[in-house]
Amino acid sequence: MQGKILAENLISGNDGNRYKFDISDVENLKGESMQNIVGREVDFQIQENMAKSIFLAQKTGVGNVGELISDNSVQGIRIKGYCSLMVYLWEIPVLGQILAILGAIASILVVSSIQKVSGSTTLLRNFIIPLLLYVIAGTIMALSIGFATFTSIVFGFSGSLNIDMLLSSFGIGTIISIVMFVVAVYFKYQYAKELATITNQPYFLYAFFAVIIGIATTIILIGFLFFLAALILEVMAWNRLSEIRKAD
């Protein structure tokens with residue numbers, strides 16, 4: 001008999017009937033939780049109005065974007081995780097930046113899926129807050145530099161450049177940006193730590209540390225090595241993903 005897992009411990013058969021089942025009767029579970037297999041197609045036998053000898057149909061791929069977005073199985077989450085890695089391409093002119101934007105969208109989708117499956121109330125929040133702070137801090141820094149440059153040009157021509165005002169405007173913007181960046185790093189750490197716990201993949205946390213070291217060492221031109229290490233660690237984490245734990 002073929003059918004579909006309608007809810008936890010419940011299969012809707014192609015004959016129109018519904019059959020209860022136990023997770024231990026799924027022959028090819030491969031470490032997935034009950035929550036992760038809801039919606040999967042199955043082949044099973046019927047014994048005393050119960051589903052037995054259940055086999056999950058193998059997924060051959062994601063049929064369309066809409067299916068991928070709504071797919072909260074471990075495989076679907078893994079695919080979205082791979083797509084999120086495109087954010088590392090942001091330094092490539094034009095094409096890389098477009099792919100990085102798509103990667104950022106995929107990141108939000110995969111975090112949303114993991115939060116939904118795990119029942120976490122903080123994972124998505126701790127992911128979104130750093131993104132917003134990075135954007136705001138970067139904008140403030142850019143405006144501060146732009147204002148300082150504009151001021152130096154305008155007042156430089158008039159011969160009345162106020163150095164104190166110039167340094168003050170640039171310094172205040174820099175301080176605000178640094179404070180926001182530090183706060184963003186804190187929330188990003190909380191996100192990486194929780195993600196590593198929920199997925200049982202410490203490589204996500206290691207990747208976070210690699211990115212931070214990469215940012216700190218960019219000025220001495222070896223930061224890209226740590227960014228590469230972070231990418232490799234994230235690939236390993238998504239590749240090894242086999243379960244989504246319930247959040248504490």
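This text goes with the structure placed above it.
Residues numbered from 1 in each chain as written. Predicted model: local features only at pLDDT ≥ 70, side-chain atom pairs only at ≥ 80, totals over all residues. Heavy atoms only, no water.

Draft legend 1. Focus on the nonpolar core. Membership of the largest hydrophobic core comes to 27 residues, with the highest contact counts inside it found for Ile77, Ile114, Leu123, Trp238 and Ile244. Among the elements of the structure, helix 3 (74-84), helix 4 (95-118), helix 5 (123-158), helix 6 (163-199), helix 7 (203-216) and helix 8 (223-240) are those that each provide at least two residues to this core. Ignoring sequence-local partners within four residues, the contact set of isoleucine 244 consists of Ser33, Asn36, Ile77, Ile114, Val117, Ser118, Ile198 and Thr199. Counting residues in hydrophobic clusters, the runner-up holds 13 residues, among them Ile5, Tyr19, Val42 and Phe44. (Core = buried A, V, L, I, M, F, W, Y, C linked by side-chain atoms within 4.5 Å. Buried < 20%, exposed > 50% of the residue type's maximum accessible area, 1.4 Å probe, protein only. Helix = DSSP H or I, 4+ residues; strand = E, 2+ residues; numbered from the N terminus. Contact = heavy atoms within 4.5 Å.)

Draft legend 2. Highlighting helix 4. Here helix 4 is 24 residues long and its end C-alpha atoms lie 34 Å apart, about the 34 Å a rise of 1.5 Å per residue gives. Of the residues one or two after helix 4, glycine 119 is the one with positive phi, at around 80°. (Expected span 1.5 Å × (residues − 1).)

Draft legend 3. How the structure looks around the environment of arginine 245. When you line up the elements, arginine 245 lands in the segment after helix 8. Relative accessible area serves as the criterion here: at 35%, arginine 245 is assigned to the partly exposed category. When the C-alpha atoms of arginine 245 and valine 117 are compared, they prove to be 8.1 Å apart, with 128 residues separating the residues in sequence. Within the structure, arginine 245 has its side chain in polar contact with the side chain of asparagine 200 (distance 3.1 Å). (Polar contact = N/O pair within 3.5 Å; in protein donor to acceptor, adjacent residues only side chain to side chain.)

Draft legend 4. Main features of the pairing of strand 4 (residues 41-47). As paired elements, strand 1 (residues 2-7) and strand 4 share three bridges and run antiparallel to each other. Among the inter-strand pairings, lysine 4 is bridged to a residue of strand 4, identified as glutamate 41. Counting the residues in the hairpin turn of strand 4 and strand 5 (residues 50-56) gives two residues, including glutamate 48, whose phi is positive at 55°. (Pairing = 2+ DSSP bridges.)

Draft legend 5. Highlighting unusual backbone geometry. One non-glycine residue, asparagine 9, adopts positive backbone phi at about 65°. In this structure, asparagine 200 is a non-glycine residue whose phi angle is positive, near 60°. Structurally, the position occupied by asparagine 200 is in the loop between helix 6 and helix 7. On the basis of relative accessible area, asparagine 200 is assigned to the partly exposed category, the value being 36%.

Draft legend 6. Looking closely at the pattern of salt bridges. A full pass over the atoms with the stated rule returns two salt bridges. Between lysine 52 and aspartate 25 there is a salt bridge, with its nearest N and O atoms 3.4 Å apart. Of this pair, lysine 52 sits in strand 5 while aspartate 25 is found in the loop between strand 3 (18-20) and helix 1 (34-37), placing the two residues 27 residues apart along the sequence. Given the relative accessible area of 16%, aspartate 25 is considered buried. A salt bridge links arginine 245 to glutamate 243, with the shortest nitrogen-to-oxygen separation between them at 3.7 Å. For glutamate 243, a relative accessible area of 25% translates into the label partly exposed. (Salt bridge = Lys/Arg side-chain N within 4 Å of Asp/Glu carboxyl O.)

From the geometry alone we can't say anything about function, so treat these as descriptive.
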